Every structure is written in C-alpha cells, then in structure tokens.
Amino acid sequence: MGLREFLIDAWSWLNYKPVVAAAGRPGSGSFPELAATWLPSHEIRRLAAYKVLASYDNNQAGQLAAASGDAAALERRELGDAANLVDTALGYLLGPEQQVMVVGAEHVDEEPPAPGSSEAAAVQERLRAWAQKELLALRVQQAERTAVLLGDGVYVLAWSPEKQRPTLRVYDPGLYFPQWDEEEDEDYPRRVHLAWELPEDEEAGLKARVRRVTYELGPVGEDDDGDGPVRYYPWSPGEASRTTCYLTDAEWALEDLKRGQTLDRLPMDKAVFRVRPDGTELHRLDLMIDFVPVVHITNTIPAGGEHWGRPALARVLQGLDELAATDSDSSAASATTGTPIIGLAGARLPVDRVTGKPERLRVEAGAVWQLGESGRMDVLDTSSQLSELRSRVDHLLDRIASNSRITSAGLGTLAASEVPSGYALRLALVPLDGLVASMRLAREHKYRLLLKFVQRLFQAGQAEGWAAGESFPARLVWAPHTPTDRAAVLDEVVTAYGARVLSLETAVKMLLDAGYPIEDASREAERITAEADRVASTARAGGINDRAGEEPSVEGAEADESEKGHQR
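Residues numbered from 1 in each chain as written. Predicted model: local features only at pLDDT ≥ 70, side-chain atom pairs only at ≥ 80, totals over all residues. Heavy atoms only, no water.

1. Quick word on the overall build of the protein chain
Selection rule: Helix numbers and strand numbers start at the N terminus; a helix is a DSSP run of H or I with at least 4 residues, a strand a run of E with at least 2. Only protein chains enter the accessibility calculation, which uses a 1.4 Å probe; a residue whose area is less than 20% of its type maximum is buried, one above 50% is exposed, and one in between is partly exposed. Residue contacts follow a heavy-atom distance rule, with two residues in contact if any of their heavy atoms lie within 4.5 Å. To be clear on the numbers: accessible area is Shrake-Rupley with a 1.4 Å probe, and residue cover counts the displayed protein chains and nothing else.
Helix and strand content of the protein chain: 15 helices and 15 strands. In the protein chain, which comprises 568 residues, the proportion classed as buried is 38%. Of the contacts made within the protein chain by residues no fewer than 6 positions apart, 66% connect residues no fewer than 24 positions apart. When the accessible surface of the protein chain is summed, it comes to about 33000 Å², and 51% of that surface belongs to carbon and sulfur atoms.

Written as structure tokens, this is what we have:
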C-alpha cells in the first residue's frame, strides 16, 4: 500500500477490510446504494462502515467478504458473537431501568420546601407522563442499540397538534447528514438533512427518487441584513431573538439529478414538496422554535475535531474474524473426529452384483469388515487438533472480552469457581465500570438537551400547564449496571446511621441506589421520621397509663407505714 493511500480517520479501524479501504467510493461494489451520485463523497466511508457493522450483527460478515472476492468466506461459521457483545454492552449501559429526574424536585417535601422545588416537581411529573405516553424507554432501547452497534444514534422531535405533545422518533444514523459551517466553531450544526432513497413503485406510477428532510436555522422573516423582525420565545421571556427553524420536506426523481448535484446541492426547481394533512406545503415551514429538534448521540466521547462515535465492536472486529475462522476449523475437525478417516489393507470388500464393482464402505455402528491374515485398519485421530482449536476459541473469547473492556466476568464466560471472593469479582469488573461510565458520560449532555427540547416544544405548542419561563434542568438517570449486595448495603446504612455519621436522607438514598423499591428519598425519610415519632409517642402514652393505673400493694403499704414511724 502506497503512502498516499494510508488514511487515518474515525473509520481507520476498518481499513483492513477491502470493502472500506478501496479507493474512490469505498463499498460501492458491495453496496450498490452507496454508488448514488447524490451522496456526498466525504460521507461514503461512514456509510460503508455502518454497512459492515450491520453485517456482523446479522451473521453476514462471511457473505460480505465473499462479495469482496473471498469465495472461501461463504463457509465461515458465525454464531452470534458480535450481536451478543453488542447486546451485553447495551444491557450494562442502560441498566435495569431509566428515570427522568428534574433538578430540585427532590426537595419538594422539605419543611419549608426549597425555592422552586414545587415547580420542579410539577415539571418532573409532566415529563414522566410524557415519557410514558411516548414510550421513551422503548425509544431509548432502539436508539442506544444502534449507537452501541454503529457508534451513532439519532433522535428527532416534532410537535403533534393532534396529540398535543412532542413526538419522539428514532432514525438510522445512515440517514443523518449534518452540515457543518467550516468558518465557525460550533457545537451543533445549523442545518441537518435526513435523506434516503425511495424505490420505484410501478403500481403507483412513481419513479425511483430521493427524499430529503431539512431542518435549518435562519433569520425570522427571511431578512438577512440583521435588522429584520424579532421574536420572543416563551422559554426566553424578555429576550428578543432573530432566529427560527425552518422545515423542508421534498423529493427528487433520481433521473433528474446530474453528476455533482449532491445532497446539499439538489436543484430546488426539480423538487416536489410534501404537504401536511392540513394542506400546508413543507417548504421552509417556520416551526416557531429557535433550535434544530434533532439530537445526535455518540457511543463514545469523540476525539477533538470529530463528531462521530466509535462502536463497541471497533477494537475487536479482527478478533471476531479470527473467532469465526477458528469455529469453522473446529467444525471441520469435529467432523473427522466423530466420523474418522479409516484406511484398510487386506480387506475383502463386498461387490455390487449389478455393476460388479466393490461397494463403498460406511463407518457406522455395527459395521463388520472382513480382513485377511495380513489385513490392517488405520484410523486418523484428529482429537488432539480439535482440543487445541477449542482452547483457541476460549483464548480468543478472553482476548475479545479484555480488549472490549466488557471483561470475561461481564460476558458471563468467567466460571464461578475461578472467583475466590466478591472483592476479586469487583476488581475484575473495574474495566467494565470504566467503560460504562465513559459511555454514559458521552450521552449525559445529549439527554439533557433532548429533555430541554421537549419542554420548549410543550411551551411552543401552548400545551396546558406549561407556562412561559426558562426550561428546568432535567436528566435521564441510569440504574446501577451491576448487581448490588443489598444485604451488605443495608448493614452499612444501619451501622452508619446508628452511629450518627450519616443523615437519614443520605441513608435512604444509599438504599435507593442499592435497588430498594423507594420512589423518593426525601419522602421516604419523612415517613420513617413520622413512624418513629408515632412509635415513641405511643410508647410514652402507654408508660403513663401503666403508672396511673397501678394500685399500691400490701408490701408497699407496710413499707410506707414503717417509714412514717421512723420519721416520728
């Protein structure tokens, strides 16, 4: 490979694949859809990488290699190891559940309540109701599995007048094309395309076409001189804004596109704009918001200057290839071990009466072969090779678990007898803890942004109960990714609280984090305090009643009289 062909970018870990490393438009030979002229050339490697990763997820990596010229790859055995790795990483990332939390809502039950806590609790309740109606847990599963597999995921929000709430949809990142302004250092693109091809429909008389949905920030009233009209948004009261978001949804016939008319240069005079059910044409429709309602999440924290994440399979893809090849060799070796190759010398072979030729011998139970005085039977023993191949499979699995940072303990391949103690298991899971912490950090701000957009869309749609004002900081809280020793945590909490080194609310929060069914730490602490006060009050009242109802005994009366006589 010449120096000019040596490329280092966000997809360099796939350069060993000819389908991605090919010059020109990589992947176009194996993936015909990537040969479309409307696709920008700088996006082809990313889209080809998505295709390769999807083939591993569906046990089709061998078919892809065969399409690239490796005919022997069709015999490759793929047993779902890639998909298992992705699903395992996804399970640890998400944890058992996710919950929407608004900062300040946990102090609503304090006496007196903290300033703004009542409003925060109300917003939290409404956001949780929205999450339940919009199946947020399901959408998160969809987007996050795509992000773990491909490195990226995309959410799109829209206001629904019929439902009177924002809708949330998940898009394949292969349809997502952000347009970055090279002259400005921006954290988010001001223009985003969602584009894909629509096949020909002969019954409906429709030709093959490309659909492009565009969100673009621009000046209010289309005035570019800086002195145009302004707008006051409910989430920024008293602050004038000259920015709004425009939506365009159009289609182009593929036969109308010429070379060089890529995604951002499609001829508008050839566009056929879509129309909403109410008759509104979706051509630079003013959405009455000052943000692009598209949230792009990454599986990892991108490197400086990059915008795309790294999938969970990136560093172990060649290991998965080795594992599939070893599984294929192991399968072939097991065939010769179970049905060995046998050499006969001096055997009397039966003759076919019709053809007069010796019949073919079969190795099966109960078979009897007649051998002469000098006859001999030799068996090819391949069991040692099979044992070696199985050991290599175990070695590759350990290597993949280690390099992916999921660890053998995380993948469940570590035998319980190999773990001497719970502390040793905790140490074995340290790389997994770091991996999950990094993946959650990469998503933290994006989910805060998504929940902020949800609040603003409610305000823009003038939904009931959503007054004007700044958005409350809300976040998606993840449950612990590994099981917790609840009994040990309970003992620790009881000891620490009994020694007065922990407050009651902190102790309850520790139980909440350990998985105990507690909905709100502050409210649970109040319940515990109230119950303790009630029990103490009952005990005091019972003691007073017992003393008041006592009658003096005979011994007590005699003792009193003796004491009186002594005093006299």
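2. Notes on the confidence of the model for the protein chain
The condition is simple: Every residue carries a pLDDT, the predictor's confidence in it, which falls somewhere between 0 and 100.
In this model, the protein chain carries a mean pLDDT of 84, and residues with pLDDT of at least 70 account for 87%. Here residues 553-568 scores under 50 on pLDDT; set against residues more than four positions off or in separate chains, the count is 0 contacts.

3. Focus: the nonpolar core
Note the threshold: Nonpolar core, defined: a set of buried Ala, Val, Leu, Ile, Met, Phe, Trp, Tyr and Cys residues in which side-chain atoms within 4.5 Å join the residues together.
Counting residues in each nonpolar core, the largest one holds 109 residues, and the members touching the most others are Trp38, Trp130, Tyr155, Tyr215, Leu313 and Leu450. The leading source of residues in this core is helix α11 (residues 430-460), at 12 residues. Filtering out sequence-adjacent residues up to four positions away, Leu450 remains in contact with Trp130, Tyr155, Leu157, Leu168 and Val295. Counting residues in each nonpolar core, the second largest holds 10 residues, with Val489, Val493, Ala514 and Ala525 among its members.

4. Focus: empty space enclosed by the protein
Short version of the rule: For cavity detection a 1 Å grid was placed over the protein atoms alone, and a set of points counts as a cavity when a 1.4 Å probe fits there but cannot get out; an open set counts as a pocket when protein lies on both sides within 12 Å along at least five of seven lines, with lining residues being those that have an atom within 4 Å of a point. Grid points are joined across faces, edges and corners, and a volume is the space filled by probe spheres set on the points. Each residue is assigned to one of three groups, with Ala, Val, Leu, Ile, Met, Phe, Trp, Tyr, Cys and Pro labelled nonpolar, Asp, Glu, Lys and Arg labelled charged, and all others, Gly among them, labelled polar.
If you walk through the whole model with that rule in mind, you get 1 cavity of 30 Å³ or more. In this structure, the largest cavity spans a volume of roughly 120 Å³. Forming the walls of the largest cavity are 15 residues, and the residues nearest its centre are Glu78, Asp81, Ala82, Leu320 and Ala324. Elements with a contribution of two residues or more to the lining of the largest cavity: α4 (81-94) and α7 (317-338). Counting residues per element, the lining of the largest cavity draws most heavily on α7, which supplies 5 residues. For the lining of the largest cavity, a count of residues per class yields 7 nonpolar, 2 polar and 6 charged.

5. Here we look at the packing of helix α6 (residues 136-150) against α11
Selection rule: The axes are straight lines fitted to the C-alpha atoms, using for helices just the contacting stretch, and the angles between their N-to-C directions are given from 0 to 180°. The scheme is simple: roughly parallel for angles under 35 degrees, roughly antiparallel for over 145, roughly perpendicular for 65 to 115, oblique for anything else. Whether a crossing is left-handed or right-handed is set by the direction in which the near helix is turned from the far one by less than a right angle, anticlockwise for left-handed and clockwise for right-handed.
One way to put it is that α6 packs onto α11 with a least axis distance of 13 Å and a crossing angle of 130°. Relative to α11, the element α6 lies oblique. Between α6 and α11 lies a crossing of right-handed hand. Between α6, through Val140, Glu144, Ala147 and Val148, and α11, the contact on the second element is made entirely by Met439, Arg443 and Tyr447. When grouped by side-chain class, the residues that make up the contact of α6 with α11 number 5 nonpolar, no polar and 2 charged.

6. Looking at a negative patch on the surface
Filter applied, for reference: Patch definition: residues above 30% relative accessible area lacking any salt bridge, with like charges linked at up to 9 Å and the nonpolar side chains Val, Leu, Ile, Met, Phe, Trp and Tyr linked at up to 5 Å. Counted as salt bridges are all cases of a side-chain nitrogen of Lys or Arg within 4 Å of a carboxyl oxygen of Asp or Glu. His is not counted, nor are the chain ends; Lys and Arg add positive charge and Asp and Glu add negative charge. Charge positions are represented by NZ for Lys, CZ for Arg, CG for Asp and CD for Glu.
A surface patch of negative charge is lined by Glu200, Asp201, Glu202 and Glu203. When you line up the elements, Glu202 lands in the loop between β5 (191-198) and β6 (209-219). Relative accessible area serves as the criterion here: at 69%, Glu202 is assigned to the exposed category.

7. A look at unusual backbone geometry
With a phi angle near 55°, Asn59 is a residue other than glycine that sits in the positive phi range. Inspection of the secondary structure puts Asn59 in the loop between α2 (44-57) and α3 (61-67). With phi around 55°, Leu135 is a residue other than glycine that occupies positive phi space. Its location among the elements puts Leu135 in the loop between α5 (117-133) and α6.

8. Brief notes about the pairing of strand β12 (residues 294-298)
In plain terms, the rule: Two strands qualify as a pair provided DSSP detects at least 2 bridges between them.
The element β12 is largely enclosed, with a buried count of 5 among its 5 residues. Here β12 shows no split at all, with Val294, His296 and Thr298 on one side and Val295 and Ile297 on the other all buried. Where strand β2 (residues 152-160) meets β12, 5 bridges bridge the pair, whose relative direction is antiparallel. Along β12, the bridge assignment pairs Tyr155 with Val295.

9. Section: the sheet that holds β12
Taking strand neighbours across the sheet as the criterion, the 3 strands line up as β3-β2-β12 in an open arrangement whose pairing is antiparallel. The outermost strands of the open sheet, each flanked by one partner alone, are β3 (165-171) and β12. Each strand of the sheet is rotated relative to its neighbour by a mean of 25°, with strand direction disregarded. In this structure, β2 lies alongside β3, joined through 7 bridges in antiparallel fashion. Each bridged residue has a counterpart across the sheet, and for Leu157 the counterpart in β3 is Leu168. Contacting β2, β3 and β12, α6 crosses the sheet at an angle of about 150° to β2.

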